[in-house]
Each structure stands twice: as structure tokens, then as C-alpha cells.
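Topology and contacts: notes
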Amino acid sequence: MTTHVGWGKIILLGEHAVVYGYPALAAAIDRGVTVAPVPTPKGGPLRLDIPAWDLKVTAASTSDHPVARSLAAIADALGVGRPAVSLVGDAQIPPGAGLGSSAALAVAVARALLEHAQRPLDTTTITTAAAASEQLLHGRPSGIDVAIAVAGGIGVFRRSAGLRRITLPTPLRVLVGPSGSPRSTAAMVERVAEATHSVVGDDRLVELGALTDTGTTALLAGDLPALGAALDRAHAVLAGLGVSTPQLDSLCDAARNAGAHGAKLTGAGGGGAVIAIAPRDREADVLAAWRAASVEGFVARVG
Ligand code: PMV
């Protein structure tokens, strides 16, 4: 029995615009969801048990529980039926915090089901199955969460081209602050659709895409102040699209005031998490500023 992982992720730049075909810079964090298949020889339903999330469900496509439906969708996409197995797991990221928890779970589940079925752990098969789950949960996902949850690392994702991995000279340290406020990715994607009337050439979407390019160039050159400036501007544009909240704004301000190069919301917004890039000797100050706002942040090493 092997333990299978799906990585959690942060989006450094380009969320929301990525839905409309623009590039986004995203990275796996060194935390995620792990799942192991435990056969139930006496038979029984296909179960999923993640005690860290108080989650215990049985696969059922008609259930009221979204994860029960998502478990059924993954099993169906893999064509494995409903094997008598309990998928038992652990999670090092909070659910619904904008850190890609649902994609990480879906990827780990797909891998564990393939192992149980004694099938190869083929990347395309895993991606397709996890994408079926994300579609069920989020409506029209760009696929960025699944791409990172499968591949790990850091890269630029485009809807048309998928994930293009990049190699950093040294791993990047990103401060992550889960706000503790729940949010709905689908509702935030809908809000951006209303704000932009889904016009692909909307100036704000164009700018978010351009910031991905600027930020990626800065990151590859090791220019963290320039990367931070791109983060700050992206936060302002996202706030203009209506997906920030007073709490997220104030966590970003607190990070900047504590010496960060830049900060922004990450993922869909409306709650969820913020990220900041800071000089090494100011990281503790940023984390302390967040702690003063009742947010327990952490340092993720990416790349
Ligand atoms: O999964 P979240 O909440 O981190 O958001 C995903 C990023 C969006 O661009 C808002 C949606 C998507 O499907 O790309």
C-alpha cells in the first residue's frame, strides 16, 4: 500500500485572467493531501476518510455532499466502478482556503484508486479524472489547480497550452496567510464574469496577464522587489474586479507595512488566502503582523 499525494498550490499571478486564456504563474507548496487505499475485504462501499478535515463520505453521484459526488465522478472517470476500498488520508492544507485543496484531494484519490485497480499511474488519466471532480465543484475551472496538484513544481499555465514548468535559480520563499474566511471559487469566477461581461479583451484581464509575464521575468532574474511590485498591482486589479475583501486588503497592507516586497490575494478571493514575498529578515515581522490579525501564516518553499 502506497501513500499518494496531490500538492496544494498558490497562484502567484494571473488568477481569474487564466479562465479567459491569459497566462498564470502558479506553484506547488510543500504541503498537500495524501491518500492511501485500504482494502475492505468484507466488501462495502467506496469510502473516503480525511480525519484532518472531519471528512468521511461514501461515493454517491446523487449525494448532497459535494465530496461524495466528486469521489463518484473520479471513480467513473477512471472506469473503476465502486471498489470495496477505504481511501484514508491526511491533509496539511486547510479545505476551501484557496490553496487548491479540492484538486489536491482529487489527484491523490485518483492515484490511490489507480493503484488499487493495479493500473499505471498515468498523468493524463489522473488529470482527466481530477478535472471531472473540479468541474463538478467549481463550474468552469481553468485546470490550473489540477495541473499543479499533479506535477508539483512551478510554472506558467495557459488554458491552451497547459503547464510549462520553469526552473528557478533558487527556491522561492512565499509567505502564505490563510484568512480563515470561507469562499466559493464558482461565485468569484461569476463575479469576474459580471464585472468584465466575459469580454476576453477586458483591460483588467489583459493587465493581469501582462503582470504574469512581468512577474515571471522578475522571478527568473531573482528580482524580488519587481516581483513584489507585480503582486501589489495584481491585488489592486483583482480588488477592482470585486474579488477582494476588507480582511484580505488589510492582511496585504499589514504584510507591506511589515516590510514585504509585495502582497496579494491568491486564488479566487472573496476569502481564502493571501501571499507575500518578503526579504528573508522581514519574514518573521510579516508573520507576526498576520498573527496579530489572528491569521497563522507559514513559509512555503516553491520551485
Ligand atoms: O481554486 P482557487 O480558489 O484557488 O481559484 C482558482 C483560480 C481561478 O482562476 C479563480 C479559477 C480557475 O479555475 O482558474
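Residues numbered from 1 in each chain as written. Predicted model: local features only at pLDDT ≥ 70, side-chain atom pairs only at ≥ 80, totals over all residues. Heavy atoms only, no water.

1. Regarding the overall build of the chain
Looking only at helices and strands, the chain has nine helices and 11 strands in total. Over its C-alpha trace the chain gives a radius of gyration of 19 Å, about what one expects of a compact globule, namely 19 Å for 303 residues. Along the first, second and third principal axes, the C-alpha atoms of the chain reach 60 × 40 × 35 Å. Per-residue burial for the chain yields a buried fraction of 53% across its 303 residues. Carbon and sulfur atoms form 54% of the exposed surface of the chain, whose accessible area is close to 12,000 Å². (Helix = DSSP H or I, 4+ residues; strand = E, 2+ residues; numbered from the N terminus. Rg over C-alpha atoms; globule rule 2.2 N^0.38 Å. Buried < 20%, exposed > 50% of the residue type's maximum accessible area, 1.4 Å probe, protein only. Areas by Shrake-Rupley, 256 points an atom, 1.4 Å probe, with all protein chains shown as cover.)

2. Considerations on the pattern of salt bridges
Across all of its chains, the model carries 12 salt bridges by this definition. Among the salt bridges present, the one from Arg256 reaches Asp232, with a minimum N-O distance of 2.7 Å. Of the two residues, Arg256 is situated in helix 8 (residues 246-257) and Asp232 in helix 7 (residues 224-240); the sequence distance between them amounts to 24 residues. The exposure class assigned to Arg256 is partly exposed, which follows from its relative accessible area of 25%. A salt bridge links Glu296 to Arg291; the nearest nitrogen and oxygen atoms lie 3.3 Å apart. Owing to a relative accessible area of 46%, Arg291 belongs among the partly exposed residues under this scheme. Among the ionic contacts, a cluster of salt bridges with common partners joins Asp232, Asp253 and Arg256. (Salt bridge = Lys/Arg side-chain N within 4 Å of Asp/Glu carboxyl O.)

3. Considering the site of the ligand
Taken together, 16 residues lie near the ligand, and Lys9, Ser142, Asp145, Arg183 and Thr185 sit nearest. Ser142 is positioned such that a nitrogen or oxygen atom in its side chain is 2.5 Å from an oxygen atom of the ligand. Here an oxygen atom of the ligand and a side-chain polar atom of Asp145 are 2.7 Å apart. Alone, the ligand offers 380 Å² of accessible surface; in the complex the protein occludes 96% of this. For the shell around the ligand, the secondary structure elements donating two or more residues are strand 1 (4-13), helix 4 (144-151) and helix 5 (185-196). The residue inventory of the shell around the ligand, partitioned by class, reads seven nonpolar, five polar and four charged. (Near = heavy atom within 4 Å. Polar contact = N/O pair within 3.5 Å; in protein donor to acceptor, adjacent residues only side chain to side chain. Nonpolar A, V, L, I, M, F, W, Y, C, P; charged D, E, K, R; others polar.)

4. Notes on the pairing of strand 11 (residues 298-302)
Summarising burial for strand 11: four of the five residues are buried, a large majority. Relative to strand 11, strand 8 (residues 172-178) runs antiparallel, the two sharing five bridges. From the neighbouring strand, Val176 faces strand 11, where its bridge partner is Phe298. (Pairing = 2+ DSSP bridges.)

5. Focus on helix 2 (residues 101-116)
Look at helix 2: 22 Å from first C-alpha to last across 16 residues, which is about the 22 Å you get at 1.5 Å a residue. In terms of burial, helix 2 is a largely internal element, 14 of the 16 residues being buried. Gln118 sits one or two positions beyond helix 2 and adopts a positive phi of about 55°. (Expected span 1.5 Å × (residues − 1).)

6. A closer look at the packing of aromatic side chains
Enumeration according to the criterion identifies zero aromatic pairs in this entry. Arg31 extends its terminal NZ or CZ atom over the ring of Phe298, reaching a point 3.8 Å from the ring centre. (Phe/Tyr/Trp six-rings, centres within 6.5 Å; stacked < 30°, edge-to-face > 60°. Lys NZ or Arg CZ within 6 Å of the ring centre and 35° of its normal.)

7. Topic: the side chain of Glu15
With respect to the helices and strands, Glu15 occurs in the loop between strand 1 and strand 2 (24-39). A polar side-chain atom of Glu15 sits 2.9 Å from the main-chain amide nitrogen of Gly267.

8. Some words on the environment of Pro182
Mapped onto the elements of the fold, Pro182 is located in the loop between strand 8 and helix 5. With 70 residues separating them along the chain, Pro182 and Ala112 place their C-alpha atoms 28 Å apart. Setting aside chain neighbours within four positions, we find Pro182 in contact with Gly96, Gly270 and Gly271. (Contact = heavy atoms within 4.5 Å.)

9. Looking at the side chain of Thr216
Turning to its location among the elements, Thr216 is positioned in helix 6 (residues 203-220). Once residues within four sequence positions are removed from consideration, Thr216 is found in contact with Leu25, Val156 and Ile166.

10. Observations concerning the nonpolar core
Counting 106 residues, the largest nonpolar core has Ile10, Leu12, Leu48, Leu87, Leu105, Leu113 and Trp290 as the members making the most contacts within it. In terms of residues, this core owes the most to one element, helix 2, which gives 11 residues. For Leu105, the contacting residues outside a window of four places in its chain are Val33, Val35, Leu48, Ile50, Trp53, Leu55 and Val67. (Core = buried A, V, L, I, M, F, W, Y, C linked by side-chain atoms within 4.5 Å.)

11. Observations concerning unusual backbone geometry
A positive phi angle is found at Asp54, which is not glycine, with a value near 55°. Counting through the fold element by element, Asp54 comes out in the loop between strand 3 (47-50) and strand 4 (55-58). Overall, Asp54 belongs to the exposed group, its relative accessible area being 76%. With phi around 50°, His197 is a residue other than glycine that occupies positive phi space. If you trace the backbone, His197 turns up in the loop between helix 5 and helix 6. Look at His197 and you get exposed, because its relative accessible area is 65%.

By themselves, these observations are geometric and do not establish any function.
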